[in-house]
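Residues per chain are reported as follows:
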Amino acid sequence: MADEKDPSTPKPPAPGAEPAALGAPPTRPPDPAEPKVPAEAKAPEPRPAAAKAAPAAPAPPATTSAKSADAEGVSRRGFIKWTTVGWVAFSAACTSGLVASTRFMFPNVLFEPPQSFKVGFPSEYTVGEVDTRWKDAYGVWVVRNSEGFYALIAVCTHLGCSPNWLAAENKFKCPCHGSGFYKTGVNFEGPAPRPLERARIVLSDDGQILVDKSVKFQAEKGEWTKEESFLKV
Ligand code: FES
């Protein structure tokens, strides 16, 4: 006979409750101290098959190799281009240097008028006149007075301009700063500090007047009294 107080003895169902299925384990009332587990935690959701599989490596595009070849071709063309530019520049520099060196071997030649020259016979000159025929060619005036000839160098003693003979005013006038010189070559106006210079003047073997600009005579040094600064006739 079963004991009513034996816990192992199944209790009769409460009135109104459905009888337990035959052979089913006995249910026990929920323990309030037992923590509740969410339903989601209990049963993880199944993953899709596709997600489980490792993603496959993307297949290389079909044009990758073609682009690489193009890039290599561009790089090679750029290298050839800049190499060519460099060689052209180098060749141009060498050519310029060669031309400059060659030019250096042939210095400029200055064609200056001769320093010594003949200006004709004494009979060709008129007393009291300034002959301007030789100014452009040789840079001198030949002047005849009652005693003879002298040759004035046509260079202003201020800053080196070339004065002009003004027959109407009977003077030499410098166009640069206005210096004026008498027919003798002595300065009398403007900034010129001293008289014009005279050139050596003599008679040549053939009887013509010879002027030599390489020998000069300066009035302020008392050289106008020297022989060959004046040609007596
Ligand atoms: S250069 Fe002749 S006046 Fe100055």
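Residues numbered from 1 in each chain as written. Predicted model: local features only at pLDDT ≥ 70, side-chain atom pairs only at ≥ 80, totals over all residues. Heavy atoms only, no water.

Notes on the confidence of the model for the protein
As a note on interpretation, predicted positions should not be read in detail where pLDDT is low. Worth spelling out the cut-off: Residue-level confidence of the predictor is what pLDDT reports, using numbers from 0 through 100. In this analysis, two residues are considered to be in contact whenever any of their non-hydrogen atoms come within 4.5 Å of each other.
Per-residue pLDDT for the protein has a mean of 81; in total, 72% of the residues score no lower than 70. The low-confidence segment residues 1-5 (pLDDT under 50) makes two contacts with residues lying over four places distant or belonging to another chain. In this model, residues 13-26 is a region of pLDDT below 50 whose contacts with residues beyond four sequence positions or in other chains number zero contacts.

What about a nonpolar patch on the surface?
Rule in force here: Residues enter patches when their relative accessible area tops 30% and they take part in no salt bridge; the joining distance is 9 Å for like charges and 5 Å for the nonpolar side chains Val, Leu, Ile, Met, Phe, Trp and Tyr. The Shrake-Rupley method, run with a 1.4 Å probe sphere, supplies the accessible areas, and residue values consider only the shown protein chains as cover. Counted as salt bridges are all cases of a side-chain nitrogen of Lys or Arg within 4 Å of a carboxyl oxygen of Asp or Glu. Only DSSP runs of H or I with at least four residues qualify as helices, and only runs of E with at least two residues qualify as strands; both kinds are numbered from the N terminus onward.
There is a patch of nonpolar side chains on the surface, built from Phe-104, Met-105 and Phe-106 and spanning about 430 Å² of accessible area. Within the element layout of this structure, Phe-104 appears in helix 3 (residues 64-105).

Focus: the sheet that holds strand 5 (residues 164-166)
Whenever strands of a sheet pair, they do so through backbone hydrogen bonds, lying parallel or antiparallel. Rules: If DSSP finds at least two bridges between two strands, the strands pair.
Here we have four strands laid out as an open sheet, ordered 5-6-7-8, and antiparallel in their pairing. Of all the strands in the sheet, just strand 5 and strand 8 (187-189) have a single pairing partner and so form its edges.

Here's the deal with the pattern of salt bridges
Once the charged atoms of two side chains with opposite charge are near each other, the side chains can pair. Spelled out, the test is: Partly exposed residues are those whose accessible area sits between 20% and 50% of the maximum for their type, while under 20% is buried and over 50% is exposed, using a 1.4 Å probe and protein chains only.
Applying the stated rule across the entire model yields ten salt bridges. With a shortest N-O distance of 3.9 Å, Glu-124 and Arg-133 are connected by a salt bridge. In this structure Glu-124 comes out as partly exposed when scored by relative accessible area, which is 43%. Using a relative accessible area of 44% as the deciding quantity, one classes Arg-133 as partly exposed. By sharing partners, the salt bridges in this structure join Glu-169, Lys-171, Lys-173 and Glu-189 into a single network.

Examining the state of the cysteines
Cysteine pairs can be linked by a disulfide, which is a covalent bond between their two sulfur atoms. Put simply, the rule is: Note that a disulfide, as used here, is simply two cysteine sulfur atoms within 2.5 Å.
Scanning all chains against the criterion turns up one disulfide. A sulfur-sulfur separation of 1.9 Å characterises the disulfide bridge that pairs Cys-161 with Cys-176. Handedness of the Cys-161-Cys-176 disulfide follows from its S-S torsion of about -95°: it is left-handed. In this pair, Cys-161 is assigned in the loop between strand 4 (148-153) and strand 5 and Cys-176 in the loop between strand 6 (171-173) and strand 7 (180-181), connecting sequence segments 15 residues apart.

Overview of the environment of Glu-124
Locating Glu-124 in the fold gives a position in the loop between strand 1 (116-118) and strand 2 (130-131). Considering only alpha carbons, one finds Glu-124 and Gln-208, 84 residues apart in sequence, at a separation of 10.0 Å.

Remarks on the pairing of strand 9 (residues 198-203)
Extensive coverage of strand 9 is indicated by the burial of five of its six residues. Bridge count between strand 4 and strand 9: two bridges; the pairing is antiparallel. Paired with Leu-152 across the two strands is Arg-198, which belongs to strand 9. Sheet topology note: the strand 9/strand 10 (residues 209-217) ladder contains six bridges and is antiparallel. Bridge pairing links Ile-201 to Val-211 in strand 10. Taken together, strand 9 and the strand that follows it, strand 10, pair antiparallel across an intervening segment of five residues, in which Gly-207 is found at a positive phi of about 90°.

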